[in-house]
Amino acid sequence: MSETVIRASSLSKRFGDLTAVDGLDLRVERAEVFGFLGPNGCGKSTTIRMLCGLLLPSAGEIEVLGYRIPQDAEALKRRIGYMTQKFSLYEDLTVAENLDFLASIQGLGRAQARRRVAELLERYWLGDLRDRLSGTLSGGQKQRLALAGAVLHEPDLLLLDEPTSAVDPQSRREFWDSLFELAEAGTTLLVSTHYMDEAERCTRLGILDSGRLVADGSPAELMARLPGQPLLVECAQPRQAQRALQGLPAIYASAQIGASLRLLSATDDAREQVERRLAEAGVQARVRATEANLEDVFVAVTRRPDIQGATP
Ligand SMILES: Nc1ncnc2c1ncn2[C@@H]1O[C@H](COP(=O)(O)OP(=O)(O)OP(=O)(O)O)[C@@H](O)[C@H]1O
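Here the structure is a predicted model, which means the values were calculated and not measured.

Undergrad: Could you clarify how one ought to interpret the overall build of the chain in this entry?
TA: Each helix and strand counted, the chain has 11 helices and 14 strands in total. Expressed along its principal axes, the backbone C-alpha trace of the chain runs to roughly 75 × 45 × 40 Å. Evaluated residue by residue, the chain yields a buried proportion of 40% over its 312 residues. Residue pairs in contact within the chain that sit at least 24 positions apart in sequence constitute 70% of those at least 6 positions apart.

Here it is, written out as structure tokens:
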């Protein structure tokens, strides 16, 4: 049976005149890997910080692991792990000292701390680095240490705010393997990201735009819900094709991907319209429908009215 771990209703946060989070409703179930997506400044970090009890909401209700937030934030802290892109490590302490220090803050007993630190050094390939000052670690190594620190007290919920933005693709993959290992063991994960390959791996996604939840569902559901089918225009001169298609009302987004042009439209006869316009402009091209991907979904739900043509 599913168990709701995060429940937020009508959650808002205002900073002066700016509404950073605007009437957000959110539910995350146990052991989900919930991905939080959205353009820069849409309110992801602000939401995560409110869910952790680090920031007071301006309005709305939050319940996390059965605790009412902000009232029970102190008790919640013992049950959650929080990690941001900055990794919050003590750079002049060694790897092992960082973990020992966190263990003492978390109130782990000495024997338990020793056992847990040894276990995490091994699990996150930090054993050989245990005596290195953490300030001298690479980005990927720092990330592994930060994750070890965030799960030291075996939290039931991990909130990760863009944890992979400073590391290479291989480290990102390894990091995601570690996240799935945690989810398999029953940990619930909420992770914000700008990477579509990471979003695709989540069990469910919430897309935020200007502080509002504009899409919520599994990656497959969101792709299936995209109105119309994306079109690919293959031609020798994609820039020329893009110029010819500018202002065509049927197309609400276009982007050059390699040597072709990817178009989004919600209109049934978009393909014919595109072919006609290209022929009129004398652009030789092949136009074909293609499968939707998550980037299409992202573009469709977060598009700005002033830079688009038609509305799906
Ligand atoms: N303490 C603060 N005081 C004033 N404005 C703030 C504060 N924290 C965040 N904001 C503003 O609130 C909005 C949402 O910011 P937030 O950091 O939550 O976005 P985000 O989705 O995490 O962005 P990014 O993807 O760039 O990390 C932004 O306009 C930001 O400038």
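Back to the text.
Undergrad: Would you mind going over the packing of helix 9 (residues 238-245) against helix 10 (residues 270-280) with me for this structure?
TA: Each pair of packed helices can be summarised by the angle the axes make with each other and by the distance between the axes. At a minimum axis distance of 9 Å, the contact between helix 9 and helix 10 shows a crossing angle of 110°. Accordingly, the angle class assigned to the pair helix 9 and helix 10 is roughly perpendicular. Two secondary-structure elements touch here, helix 9 through A241, A244 and L245 and helix 10 through V274, R277 and L278. Residue composition of the contact of helix 9 with helix 10, by class: five nonpolar, no polar and one charged.

Undergrad: Mind showing me how you'd approach the domain arrangement of the chain here?
TA: Interfaces are often sized by the amount of accessible area the parts lose when they come together. By the assigned domains, the chain splits into domain 1 (4-79 + 155-223), domain 2 (92-149) and domain 3 (227-307). Relative to domain 3, the C-alpha centre of domain 2 lies at a distance of 50 Å.

Undergrad: What am I meant to see in the site of the ligand here?
TA: Around the ligand sit F15, L18, A20, G38, N40, G41, C42, G43, K44, S45 and T46, and that is every residue in its neighbourhood. The set of elements that each furnish at least two residues to the shell around the ligand consists of strand 2 (18-29) and helix 1 (44-52). The element contributing the most residues to the shell around the ligand is helix 1, with three residues.

Undergrad: Whenever I open this one, the UniProt feature "domain: ABC transporter" (unreviewed entry) in the chain confuses me. Can you help?
TA: The UniProt record marks residues 6-235 with the feature "domain: ABC transporter" (unreviewed entry), using the residue numbering of this structure. For residues 6-235, the helix share is 35%, the strand share is 29%, and the end-to-end C-alpha distance is 48 Å.

Undergrad: Which parts of the structure should I look at to understand the sheet that holds strand 3 (residues 33-37)?
TA: Each strand in a sheet pairs with its neighbour through backbone hydrogen bonds, running either in the same direction (parallel) or in the opposite one (antiparallel). Read from one edge to the other, the open sheet built from six strands follows the order 6-7-8-3-9-10, with strand pairing classed as mixed. With partners counted over all chains shown, the strands left at the sheet margins are strand 6 (80-84) and strand 10 (212-217), one partner each. Within this sheet the neighbouring strands show an average axis-to-axis angle of 15°, counted without direction. As defined by bridge partners, strand 9 (residues 204-209) adjoins strand 10 across five bridges and the pair is classed as antiparallel. Of the residues in strand 10, the one forming a bridge with L205 is G217. The sheet strands contacting helix 6 (residues 169-184) are strand 3, strand 7 (157-161) and strand 8 (188-192), and the helix crosses strand 8 at an angle near 150°.

Rules behind the numbers
- Residues numbered from 1 in each chain as written.
- Predicted model: local features only at pLDDT ≥ 70, side-chain atom pairs only at ≥ 80, totals over all residues.
- Helix = DSSP H or I, 4+ residues; strand = E, 2+ residues; numbered from the N terminus.
- Buried ≥ 20, exposed ≤ 12 C-beta atoms within 10 Å, placed from the backbone.
- Contact = placed C-beta atoms within 7 Å.
- Axes fitted to C-alpha atoms, helices over the stretch in contact; angles between N-to-C directions.
- Parallel < 35°, antiparallel > 145°, perpendicular 65-115°, else oblique.
- Nonpolar A, V, L, I, M, F, W, Y, C, P; charged D, E, K, R; others polar.
- Domains from an automatic or database assignment.
- Near = placed C-beta within 6 Å.
- UniProt positions renumbered as here; feature names shortened; annotations may be inferred.
- Pairing = 2+ DSSP bridges.

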